[in-house]
Amino acid sequence: MTDKNAAQKNSQHKKRMQGIKEKVDQRIENAQEEKGLLIVITGNGKGKSTSGFGTVARAVGHGLSAAVVQFIKGTWACGERSLLENAGVTFAVMATGFTWNTQDKAKDIAAAQEVWQRSKLLLADESIDVILFDELTYMLSYKYLDLEEVITTLNSRPKHQHVIITGRACHRAIIDLADTVSEVQSIKHAFDNGIKAQKGIDW
Ligand code: ATP
Ligand code: MG
């Protein structure tokens, strides 16, 4: 490429970047509203709970107060809990394991309701800035929790309070209510090739 061509390309690039910058600056300028967000991370791919916990860590790093409610407790204690509890994050964990392990519907419903009662207290607490409801979506698909009640409680939470909901197959009504929704798509997962869940990565 001649010097003249290179200079021309550079000038075109600069012009394009200026155009993008102007548009981005305008959008940042226009986004002035402050409010507690409802964020949903759904889909079949890996990365929903870790995204939720990452946001909690981000919030705590800024000095915000946070709580985590876990609706389906796995076989292993998740690594985030010990770290975040030490950083002052409140945890409320459902007492049963995976529903396909317990195979006891009445017990699962009672456990879901119990953790939901604790969730309602958190959703009324002005002092909590961010709450992660990990795997809440299943409680709605199995009808262990009442959809209308969940929506009413979310709507009446403190105005500044951010809520993150994770889990597959999020109910349409929660997606409609949310401010930000991301769907994590699975391209491939190590488990499909017989690789077991890895400590520190999968839990
Ligand atoms: P993570 O907690 O790693 O962010 P996740 O919350 O997106 O995962 P879940 O559906 O809650 O995913 O499942 C939790 C466990 O199942 C994790 O160990 C994760 O690696 C694994 N997992 C997630 N997606 C898949 C998948 N598509 N196939 C197999 N296993 C998966
Ligand atoms: Mg998860």
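Up top is the structure.
A brief look at the structure comes next. Every residue gets a number counted from 1 within its own chain, in the order that chain's sequence is written. Labels are handed out in written order, letters beginning with A for the chains and numbers beginning with 1 for the ligands. The predicted origin of the model limits local features to residues at a pLDDT of at least 70 and limits the giving and counting of side-chain atom pairs to 80 or more, whereas totals for whole chains, interfaces and linings rest on all residues. Where side-chain values are given, they derive from all heavy atoms of the structure, hydrogens and water being excluded.

Around the magnesium ion (ligand 2), the donor atoms from the protein are S49 (OG) and E135 (OE), and they sit 2.1 Å away. Placement of S49 in helix 2 (residues 48-61) and of E135 in the loop between strand 4 (130-134) and helix 6 (136-141) is noted, with a sequence separation of 86 residues between them. Nitrogen, oxygen and sulfur within 2.8 Å of a metal are treated as its donors, or within 3.2 Å for sodium, potassium and calcium (Na, K, Ca); water is not counted, so a site can appear incomplete. Only DSSP runs of H or I covering at least 4 residues are called helices, and only runs of E covering at least 2 are called strands; the numbering of each starts at the N terminus.

Our next topic: the sheet that holds strand 5 (residues 162-166). Note on pairing: DSSP must find at least two bridges between two strands before they are called paired. Pairing is parallel in the open sheet, where 6 strands are placed in the order 3-2-4-5-1-6. Only two strands of the sheet have a single neighbouring strand rather than two, namely strand 3 (90-93) and strand 6 (180-183). Averaged over all pairs of adjacent strands, the angle between their axes in this sheet comes to 10°, without regard to strand direction. The pairing of strand 1 (residues 38-42) with strand 5 spans 4 bridges and is parallel. Paired with I39 across the strands is I164, a residue of strand 5. Helix-sheet contacts for helix 2 involve strand 1, strand 2 (66-70), strand 3, strand 4 and strand 5, and the interaxial angle to strand 4 is about 165°. Lines fitted to C-alpha atoms define the axes here, with helix axes fitted over just the stretch in contact, and angles between the N-to-C directions of these axes take values from 0 to 180 degrees. Contacts are assigned to residue pairs that have any heavy atoms within 4.5 Å of one another.

The buried charged residue E135 lacks any salt bridge partner; its closest oppositely charged side chain belongs to K48, at an N-O distance of 6.4 Å. Counted as a polar contact is a pair of N or O atoms within 3.5 Å, where, for protein atoms, one must be capable of donating a hydrogen and the other of accepting one, and residues adjacent in sequence contribute only when both atoms are in side chains. In this structure the side chain of E135 is engaged in a polar contact, spanning 2.9 Å, whose partner is the side chain of S49. When sequence neighbours within four positions are dropped, the list of residues in contact with E135 reads S49, F71, I72, T166 and G167. When accessible area is computed with a 1.4 Å probe and restricted to protein chains, residues below 20% of their type maximum are described as buried, those above 50% as exposed, and intermediate ones as partly exposed. For the purpose of counting charges, residues Lys and Arg are taken to be positive, whereas Asp and Glu are taken to be negative. His and the chain ends are not included. Between Lys or Arg on one side and Asp or Glu on the other, a salt bridge is scored when a side-chain nitrogen of the former is within 4 Å of a carboxyl oxygen of the latter.

Right, let's talk about the site of ligand 1 for a bit. Around ligand 1 sit 13 residues, and of these K46, G47, K48, T50 and D202 come closest. Within the side chain of H189, an N or O atom sits 3.1 Å from an oxygen atom of ligand 1. To measure how exposed things are, a 1.4 Å probe is used in the Shrake-Rupley method; for residues, cover is taken only from the protein chains shown. Across the complex, the protein chains shield 79% of the 580 Å² of accessible surface that ligand 1 would expose by itself. Nonpolar residues are Ala, Val, Leu, Ile, Met, Phe, Trp, Tyr, Cys and Pro. Charged residues are Asp, Glu, Lys and Arg, and all others, Gly as well, are polar. Residue composition of the shell around ligand 1, by class: 1 nonpolar, 7 polar and 5 charged. One heavy atom suffices: a residue is near a molecule or strand as soon as one of its heavy atoms comes within 4 Å of it.

Let us now look at unusual backbone geometry. With a phi angle near 65°, E135 is a residue other than glycine that sits in the positive phi range. Here E135 falls in the buried class, since its relative accessible area comes to 17%. Notably, A169 is not glycine yet its phi reads approximately 50°, a positive angle.

Burial runs high along strand 2: 5 of the 5 residues are buried. The alternating pattern of strand 2 places A66, V68 and Q70 on one face and A67 and V69 on the opposite face, and all of these are buried. Summarising the sheet, strand 2 and strand 4 pair through 5 bridges and their orientation is parallel. Bridge pairing in strand 4 links Q70 to D134. In this sheet, strand 3 lies alongside strand 2 in parallel orientation, the contact comprising 4 bridges.

A word on the side chain of K48. Relative to the helices and strands, K48 resides in helix 2. A distance of 3.2 Å separates a polar side-chain atom of K48 from the backbone oxygen of G43. Filtering out sequence-adjacent residues up to four positions away, K48 remains in contact with I41, T42, G43, T166, G167, R168 and V184.

Turning our attention to the environment of L37. Position of L37 among the secondary structure elements: in the loop between helix 1 (3-30) and strand 1. Among the residues examined, L37 registers a relative accessible area of 30% and is labelled partly exposed. For L37 and G52, which are 15 residues apart along the polypeptide, the C-alpha to C-alpha distance reads 13 Å. Once residues within four sequence positions are removed from consideration, L37 is found in contact with R157, Q161, H162, V163 and D179.

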